[in-house]
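Coordinates in review
Chain by chain, the residues:
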Amino acid sequence: ITPGLIRHMLTARLLNRLGRSRRGAEHWMRYVASYPSGGSGFDKSPVERREALLDNAGGLFADVDAGLGDVPEDRLASMDIATMIVDCKLSPSFLRRSCKRLRELMPQARTVTLEESGHHVGIDAREELVALLRDVVARGEGASASAAAG
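Once a new chain begins, its residue numbering starts again from 1 and follows that chain's sequence as written. Whole-chain, interface and lining totals are the exception, using all residues; otherwise, since this is a predicted model, local features are given only for residues with pLDDT of at least 70 and side-chain atom pairs are given and counted only at 80 or more. Working from all heavy atoms in the structure, the side-chain values ignore hydrogens and water.

1. Here's the deal with the side chain of Ser-40
Inspection of the secondary structure puts Ser-40 in the loop between α2 (21–32) and α3 (41–44). Among all residues touching Ser-40, those that are not within four sequence positions of it are Arg-30, Ala-33, Ser-34 and Tyr-35. Every helix listed is a DSSP run of H or I at least four residues long, and every strand listed is a run of E at least two residues long, numbered separately from the N terminus. Contacts are residue-level and defined by heavy atoms, with any inter-residue pair within 4.5 Å sufficient.

Printed below as a string of structure tokens:
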């Protein structure tokens, strides 16, 4: 957890509590999709996409208010499904640290680093993402032995 993460999370939640949920969601999405050099994937998104995300601000804050789901870390290494960790070099530091931790906990996962992408991979590196997903599906990565045999 970084001071920036806490500051942006609290600002977004405060705006929501003040009845400005769209503004709070916009603040949060700009931060999560921000680049180290400035700007964000949120700003690069088409207006229609940004509006659709902001129209669902209530859902975003309902998820936050519901609390974080918790998967015990010791279970991650035994997951037997196709898993890909996509580490985006232009993402905020808290997301980069999350990817690093997941790599440690899930040695079976395929890890890919996208050098020219932030958190909004579908905007920053859409073709690369689609190719990666197609490859995972085509190879059946992570399929259990029992499922493959049956």
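2. Digging into the nonpolar core
Soluble globular proteins tend to bury their nonpolar side chains together. Remark: nonpolar core denotes a set of buried residues (Ala, Val, Leu, Ile, Met, Phe, Trp, Tyr, Cys) joined through side-chain atoms within 4.5 Å. Buried, partly exposed and exposed residues are distinguished by accessible area as a fraction of the type maximum, computed with a 1.4 Å probe on protein chains only: under 20%, between the cut-offs, and over 50%, respectively. Formed by 14 residues in total, the largest nonpolar core has its most connected members in Leu-5, Ala-25, Trp-28, Tyr-31, Val-32, Phe-42 and Phe-94. Going through the elements one at a time, α1 (3–17), α2, α5 (57–66) and α7 (93–105) are the ones with two or more residues in this core. Per element, the largest residue contribution to this core is five residues, and it comes from α2. Leaving out residues up to four positions away in the same chain, Leu-5 has contacts with Trp-28, Tyr-31 and Phe-94.

3. Digging into a nonpolar patch on the surface
Each patch groups residues whose relative accessible area exceeds 30% and which form no salt bridge, using 9 Å between like charges and 5 Å between nonpolar side chains of Val, Leu, Ile, Met, Phe, Trp and Tyr. A 1.4 Å probe and the Shrake-Rupley method give the accessible areas. Residues count as covered only by the protein chains that appear here. Throughout this description, the term salt bridge denotes a Lys or Arg side-chain nitrogen within 4 Å of a carboxyl oxygen of Asp or Glu. Taken together, Ile-1, Ile-6 and Leu-10 make up a surface patch of nonpolar side chains, about 350 Å² in accessible area. The topology assignment puts Ile-1 in the segment before α1.

4. Some words on the confidence of the model for the chain
Of all residues in the chain, 93% have pLDDT values of 70 or greater, and the mean over the chain is 87. Mean pLDDT across the elements of the chain ranges from a minimum in helix α10 (residues 145–149), with 34, to a maximum in α2, with 95. One number per residue, pLDDT, summarises how confident the predictor is, and it ranges from 0 to 100.

5. Observations concerning the pattern of salt bridges
Opposite charge on two side chains lets them pair, provided their charged atoms get close. Enumeration according to the criterion identifies 14 salt bridges in this entry. Between Arg-13 and Asp-65 there is a salt bridge; the shortest N-O distance is 2.9 Å. Pair noted here: Arg-13 is in helix α1 and Asp-65 is in helix α5, with a separation of 52 residues, a long-range link. Among the residues examined, Asp-65 registers a relative accessible area of 42% and is labelled partly exposed. Here the salt bridges do not stand alone but share partners, grouping Glu-73, Lys-100, Arg-101 and Glu-104 into one network.

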